[in-house]
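Chain by chain, the residues run as shown.
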Amino acid sequence: MNEYRSLDKILRTTKNRFWEIAKYLNFLEQLESKQNLIKKTIKVDVDVITIQKSTLFLMLYNIIEYSVYAGVYHIYYCLENKNFNKLSSKLKERIVSDLIESRERYKTQDIVWLIKKIEFDINHIWPNCKKKKGAALVKKIKGNVDAEVINKVLDSYGIDNLSPIMKPDWQRFNDIKKKRNDLTHGSISFSDLRDTTVQEIKHVKQVVEGVINDFFLKIRRYKLEKKYLELTT
């Protein structure tokens, strides 16, 4: 998972994926503007263009989920060689919660034993498995990432939430998750989105870029200001 060590590398990957979508959108825009000519030259149903537009929602969701996944992993890379006792209370709570939920042997009614076991694992397992815990939260949200979920992820690590100035665009952002799930689970057909134009998808792409850039900005600030550490008086 070394590809998540560098935030700059993660941002380059995200930028490249957005560029792929931009090129695809330009291609579809040309098809959409010349669909009558295309119908005359090759035997193709116009719904094929609609199907191609539908795949863009899968591509956009791909970037959203990758970003959250990579961002959480990167947080744990920031914690390398950090003493658990010096971490912020919020982060300690997150780590202990992940440990309890990821280990079957923690399921007990004996609170005293449970506390001792968690203390042992923190002292002996935590130093060597930080990055493995990075995926613990992400596994629960696969296929369900929207603006509210991103804020919950940020909040669970003590990171500032997404900028409220972007809240008016959250509905468009959240709609990507719904379309992705509907397409993936077969609730709608790939040809059902015929009323969606390329220009509308371009605007949705800009919204996604704005939210994802803000997400990574919050993580970078969290890292630079070392907000994962407990404040000292």
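Everything quoted here is computed from the prediction, not taken from an experiment.

> Quick question: what am I supposed to make of the environment of Tyr76 here?
Mapped onto the secondary structure, Tyr76 falls in helix H3 (residues 47–78). For Tyr76, a relative accessible area of 0% puts it in the buried group. Along the sequence, Tyr76 and Tyr4 sit 72 residues apart, while their C-alpha atoms lie 9.4 Å from each other.

> Would you mind going over helix H10 (residues 198–224) with me for this structure?
Three- or four-residue spacings in an α-helix give side chains the same orientation, since the helix completes a turn every 3.6 residues. Compared with the 39 Å implied by 1.5 Å per residue over 27 residues, the 39 Å span of H10 between its first and last C-alpha is a close match. Residue Lys226 follows H10 closely and has a positive phi angle near 50°.

> For this particular structure, what's the right way to read helix H8 (residues 147–156)?
Summarising burial for H8: seven of the ten residues are buried, a large majority. If you check the start of H8, you find a side-chain oxygen 3.2 Å away from the backbone N of Glu148, and it comes from Asp146. Backbone geometry just downstream of H8 places Gly158 in the positive-phi region, at approximately 80°.

> Explain the pattern of salt bridges to me, please; I cannot follow it from the model alone.
Opposite charge on two side chains permits pairing when their charged atoms draw close. The full count for this structure, using the stated rule, is ten salt bridges. The salt bridge involving Lys179 is made with Asp175; its shortest N-O contact spans 2.4 Å. With a gap of four residues between them, Lys179 and Asp175 both fall in helix H9 (residues 170–184), about one helical turn apart. On the basis of relative accessibility, which here comes to 26%, the residue Asp175 falls in the partly exposed class.

> Would you mind going over the side chain of Glu65 with me for this structure?
The topology assignment puts Glu65 in helix H3. Within the buried core, Glu65 has no salt-bridge partner, and the shortest N-O distance to an opposite charge, that of Arg180, equals 5.2 Å. At 2.8 Å, the side chain of Glu65 and the side chain of Tyr61 are in polar contact.

> I would appreciate a short explanation of the nonpolar core in the present structure.
If you look at soluble globular proteins, the nonpolar side chains tend to sit buried side by side. Ile150, Tyr157 and Val208 are the most contacted members of the largest nonpolar core, which totals 57 residues. If you tally residues by element for this core, the top one is H3, at 17 residues.

> Is there a simple way to explain the packing of aromatic side chains in this structure?
Think of a pair of aromatic rings as described by two things: how far the centres are apart, and how the planes are tilted against each other in angle. Per the counting criterion, the structure on display carries eight aromatic pairs. Relative to Phe27, the ring of Tyr24 has its centre 6.5 Å away and its plane inclined at 10°; by these criteria the two rings are stacked. Pair noted here: Tyr24 and Phe27 are both in helix H1 (residues 7–33), with a separation of three residues, about one helical turn. On the accessibility criterion, Tyr24 (21% relative accessible area) is partly exposed. By relative accessible area, which is 41% here, Phe27 ends up partly exposed. On the basis of an interplanar angle of 90° and a centroid distance of 5.8 Å, the ring pair of Tyr76 and Tyr157 is categorised as edge-to-face. Of the two residues, Tyr76 is situated in helix H3 and Tyr157 in the loop between H8 and H9; the sequence distance between them amounts to 81 residues. Put simply, the rings of Tyr4, Tyr66, Tyr69 and Tyr73 pair up and form one aromatic cluster. Cation over ring: Lys179 sits above Phe57, and NZ or CZ is 5.3 Å from the ring centre.

> What is the right way to read the packing of H8 against H9 from this model?
Each pair of packed helices can be summarised by the angle the axes make with each other and by the distance between the axes. For the pair H8 and H9, interaxial distance at closest approach is 8 Å and the crossing angle is 95°. The angle between H8 and H9 falls in the class roughly perpendicular. On the side of H8, the interface is formed by Ala147, Glu148, Ile150 and Asn151, while H9 contributes Trp170, Phe173 and Asn174.

> Teacher, can you tell me more about empty space enclosed by the protein here?
Empty space left among the atoms is revealed by rolling a probe the size of a water molecule over them. Scanning the model with the defined rule gives one cavity of 30 Å³ or more in all. The calculated volume of the largest cavity comes to roughly 30 Å³. The wall of the largest cavity is formed by Ile159, Asp160, Lys218, Arg221, Tyr222 and Lys227. Taken together, the residues of the lining of the largest cavity sort by class into two nonpolar, no polar and four charged.

> Mind showing me how you'd approach unusual backbone geometry here?
A negative phi holds for most residues other than glycine; trans holds for most peptide bonds. At Lys226, a position not held by glycine, the phi torsion is positive, near 50°. Its place among the elements puts Lys226 in the segment after H10.

Calculation notes
Each chain carries its own residue numbering, running from 1 in the direction its sequence is written. Two thresholds apply to this predicted model, a pLDDT of at least 70 for residue-level local features and 80 or more for giving and counting side-chain atom pairs, whereas whole-chain, interface and lining totals are computed over all residues. Based on all heavy atoms of the structure, the side-chain values leave hydrogens and waters out of the count. Helical segments are the DSSP runs of H or I of at least four residues, strand segments are the runs of E of at least two, and each set is numbered from the N terminus. Using a 1.4 Å probe on the protein chains alone, a residue whose accessible area is under 20% of its type maximum counts as buried, one over 50% counts as exposed, and one in between counts as partly exposed. Helices are assigned an expected span. That span is 1.5 Å times one less than the residue count. Counting of polar contacts relies on pairs of N or O atoms within 3.5 Å, with two restrictions inside protein: one atom must be capable of donating a hydrogen and the other of accepting it, and residues adjacent in sequence are counted only when both atoms are side-chain atoms. Salt bridges are identified by distance alone: a Lys or Arg side-chain nitrogen within 4 Å of an Asp or Glu carboxyl oxygen. Only four residue types enter the charge count: Lys and Arg as positive, Asp and Glu as negative, with His and the chain ends excluded. As used here, the term nonpolar core means buried Ala, Val, Leu, Ile, Met, Phe, Trp, Tyr and Cys residues forming a set that is joined through side-chain atoms within 4.5 Å. Ring pairs are drawn from Phe, Tyr and Trp, using the six-membered ring of Trp, whenever the two centres fall within 6.5 Å, and their geometry is named by plane angle: stacked under 30 degrees, edge-to-face over 60, tilted for the rest. Criterion for a charge above a ring: Lys NZ or Arg CZ within 6 Å of the ring centre, and within 35 degrees of the ring normal. All axes are obtained by fitting lines to C-alpha atoms, using only the stretch in contact for helices, and the reported angles, taken between N-to-C directions, cover 0 to 180 degrees. Should an angle fall under 35 degrees it is called roughly parallel, over 145 degrees roughly antiparallel, and 65 to 115 degrees roughly perpendicular, with every other angle called oblique. The contact definition used throughout considers only heavy atoms, calling two residues in contact when any of these lie within 4.5 Å. Here a cavity denotes a set of grid points, spaced 1 Å apart and computed over the protein atoms alone, in which a 1.4 Å probe fits but from which it cannot get out, and a pocket denotes an open set meeting protein on both sides within 12 Å along at least five of seven lines; residues with an atom within 4 Å of a point are reported as lining. Grid points are joined across faces, edges and corners, and a volume is the space filled by probe spheres set on the points. When residues are sorted by character, Ala, Val, Leu, Ile, Met, Phe, Trp, Tyr, Cys and Pro go into the nonpolar class, Asp, Glu, Lys and Arg into the charged class, and all the rest, Gly among them, into the polar class.

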